[in-house]
Protein chains: 2
Amino acid sequence: MTSEFNLIQQYFQSHPQTREDVVLGIGDDCALLSSPSDQQLAMSTDTLVEGVHYYPNADPHAIGHKALAVSLSDLAAMGATPAWVMLSLTLDQAKEEWIKAFCEGFFALLDQHHMTLIGGNMSSGPSSITTQVTGFLPKGSGMRRSGARPGDHIYVTGYLGDAALALAGLKGQVNLSEQLSIFQKALDYPVPRVKAGLNLRDVAHAAIDISDGLIADLGHILEQSGVGATIKLEHIPLSQAAQHLIASHQLTFEEVIQYALTGGDDYELCFTAPPSIVESLEIDCLCTRIGVIETAESFRLLLKGEAFQGGSRRGFEHFVRSY
Amino acid sequence: MTSEFNLIQQYFQSHPQTREDVVLGIGDDCALLSSPSDQQLAMSTDTLVEGVHYYPNADPHAIGHKALAVSLSDLAAMGATPAWVMLSLTLDQAKEEWIKAFCEGFFALLDQHHMTLIGGNMSSGPSSITTQVTGFLPKGSGMRRSGARPGDHIYVTGYLGDAALALAGLKGQVNLSEQLSIFQKALDYPVPRVKAGLNLRDVAHAAIDISDGLIADLGHILEQSGVGATIKLEHIPLSQAAQHLIASHQLTFEEVIQYALTGGDDYELCFTAPPSIVESLEIDCLCTRIGVIETAESFRLLLKGEAFQGGSRRGFEHFVRSY
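Residues numbered from 1 in each chain as written. Chains lettered and ligands numbered in written order. Predicted model: local features only at pLDDT ≥ 70, side-chain atom pairs only at ≥ 80, totals over all residues. Heavy atoms only, no water.

### What to know about the sheet that holds strand 2 (residues 31–33) of chain A
Under the convention used in this document: Two strands make a pair as long as DSSP finds a minimum of two bridges between them. Only DSSP runs of H or I reaching four residues or more are called helices, and only runs of E reaching two or more are called strands; each is numbered from the N terminus. Between N-to-C directions, angles span 0 to 180 degrees; the directions come from axes that are lines fitted to C-alpha atoms, helices contributing only their stretch in contact.
Strand order across the open sheet formed by 6 strands is 1(A)-2(A)-3(B)-6(B)-4(B)-5(B), with mixed pairing between neighbours. Edge positions in the sheet fall to strand 1 (22–24) of chain A together with strand 5 (116–124) of chain B, since each has one partner strand and no second. Within this sheet the neighbouring strands show an average axis-to-axis angle of 25 degrees, counted without direction. The sheet contact formed by strand 4 (residues 81–91) of chain B and strand 5 of chain B spans 8 bridges and is parallel.

Laid out in structure tokens, this is it:
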């Protein structure tokens, strides 16, 4: 195992790094960093466990991408500029081919965001990956979950539900046939909305990234802000592929919308902002208004003006009941 | 599982925190921190895997202590003042009793160092614990592995070998009888040498914490500094309990010294410094001179002036051969 781990270290340590704020990088007891004096730090960590968050036979390039993407998504939701990442990699075996592909996926996303891998840890054991990211943002800024105000419009970036539909397809719960690969891209290669987060930082009142499903994550905003919300389901953004499932009668609208409402792994942003202000912003991705923040601590899902009764998916029902 | 994880969050979130540099703590997408403008940051991360780094039935209080101690030890080796920690906890099951004891061990050490838990992650899966720590140190300071100079004296803190002897005792490789509990304390409750690290910061030329055994870890200093060393084995500090094993003929000196040289998990510091300067320092723990840094890139182990032939433990032989 030792030689394989040397190999890993070689792969990780050899990647060129250019950030001037990294005083001492990989290879000592600690990394040494200089942080900008006019900024605050934003820190977050996430773990992906084999068999829980990804399949044992999943593409290692995608795992490398996703391990970093899920943490970057947290920086995006706070409106922070990514800077440094630490990587703890526990592997039950370390095959060179796997590591090489993992690194390619990981570093492609890292380079895209001008980040540096500053350290980490390698262990032998049941496979899991923990990334810890640090970003910067001006003092006093940062989009918190607690800032939503009555009258705010509620927005989401991108499309919802594709990742959950992919997972259902892989599990054989729905038949996506030749479209599986389209949905699987959303599951395997989520795009952390870093640029959108930066553009929203001074505008949005509250934000969160959608990792556990829109209803659960919006629920955190509502709870921490002490407000309620009304969501218009016909406004929930569905991808062309998802719309095609409905048009071709493979799934009903009600079925698809529940993946969009309760499916995790989308890693889009959900945020609230004063009316009309978002339309004038330059956001680098689709940004759709889906509802409004209410004074009363209630949560309403409307479909063409009528209360939506929901369906059979447990997480969804559980949430609605508990509100 | 969800309710258990809520329980965990409650345990972790409820711990009082008093640091003024934590602008936003646990409970949002990111923690927000303000870092001191005249300091650099030191960051490190470590993972403990059940079945690899601790036994499944190990005392959760000790696991909580050790999970933080191993990362603090890295800050100590750099001479940094601990500040923040993130905790990623993956558990195959979450029993309240286990979590309660884990938290007690974790927070006792955290409070001792005036740190704050700023965030983390909870997952279901094969049990493992990743801690990521951040500390501060003045710009331009920090004890690197690469700073050892010929003529430096080599020191270690505390006693070496007790943790490895405990592990050998638990595995039934040596019979420690009623003394097992004494050795096990070294294995279960390593003391991160944070204060010693702070006192040494402006004096030591190089430092490392001994997690993989003295020879392996001193080897990193020698390699990164491009120097050699001579170690006098009769000076290696052995605990009273270890000395008793020799005096009572349970183990030979040669056997015990090999645990001290190659046993991991001691988490003492090994450092190099100009001659005589350490004697005048106020260090809060035992600090023993064990050898000297040499110009030539050789590594010599002497016992009463004679080359020590080593023994049968593989890691040791491997290292000596590879030098």
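### As for the relation of the copies chain A and chain B
We count it as follows: Here the copies were fitted onto each other by least squares, based on C-alpha atoms from residues at pLDDT of at least 70 in both. Note on contacts: a residue pair qualifies if any of its non-hydrogen atoms lie within 4.5 Å across the two residues.
Superposition record for chain A on chain B: RMSD 0.0 Å, screw rotation 180 degrees, translation along axis 0.0 Å. Taken together, the rotation and translation relating the two chain copies correspond to the operation of a two-fold axis. Considering only C-alpha atoms, the part of chain A nearest the rotation axis is A:S37, at 2.6 Å. Take the interface residues of chain A: 100% of them recur as interface residues in chain B, which is what a same-surface contact looks like.

### Things to note about the interface of chain A and chain B
Our working rule: Put simply, buried area is the surface a 1.4 Å probe can reach on two separate parts but cannot reach once they are joined, added for both. Any Lys or Arg side-chain nitrogen found within 4 Å of a carboxyl oxygen on Asp or Glu counts as a salt bridge.
If you look at the interface, chain A gives 50 residues, while chain B gives 50 residues. Taken over both partners, the interface formed by chain A and chain B buries close to 4,000 Å², and the fraction arising from carbon and sulfur atoms is 56%. When the buried surface of chain A facing chain B is broken down by residue, A:D29, A:L32 and A:M43 rank first, second and third, together holding 18% of it. In this structure, the salt-bridge partner of B:R145 is A:D28, at a minimum N-O distance of 3.6 Å.

### Focus: the packing of helix 4 (residues 162–170) of chain B against helix 5 (residues 180–188) of chain B
All names here are of chain B. This is how it is decided: In this scheme, roughly parallel covers angles under 35 degrees and roughly antiparallel covers those over 145, while 65 to 115 is roughly perpendicular and the rest are oblique. Helix crossings fall into two classes, left-handed where the near helix is turned counterclockwise from the far one by less than a right angle and right-handed where it is turned clockwise.
Here helix 4 crosses helix 5 at 120 degrees, and the two axes come no closer than 7 Å. Taken together, helix 4 and helix 5 sit at an angle that is classed as oblique. For the crossing formed where helix 4 meets helix 5, the hand is left-handed. Residue-level contacts link D162, A163, L165, A166, L167, G169 and L170 of helix 4 to L180, F183, Q184, A186 and L187 of helix 5.

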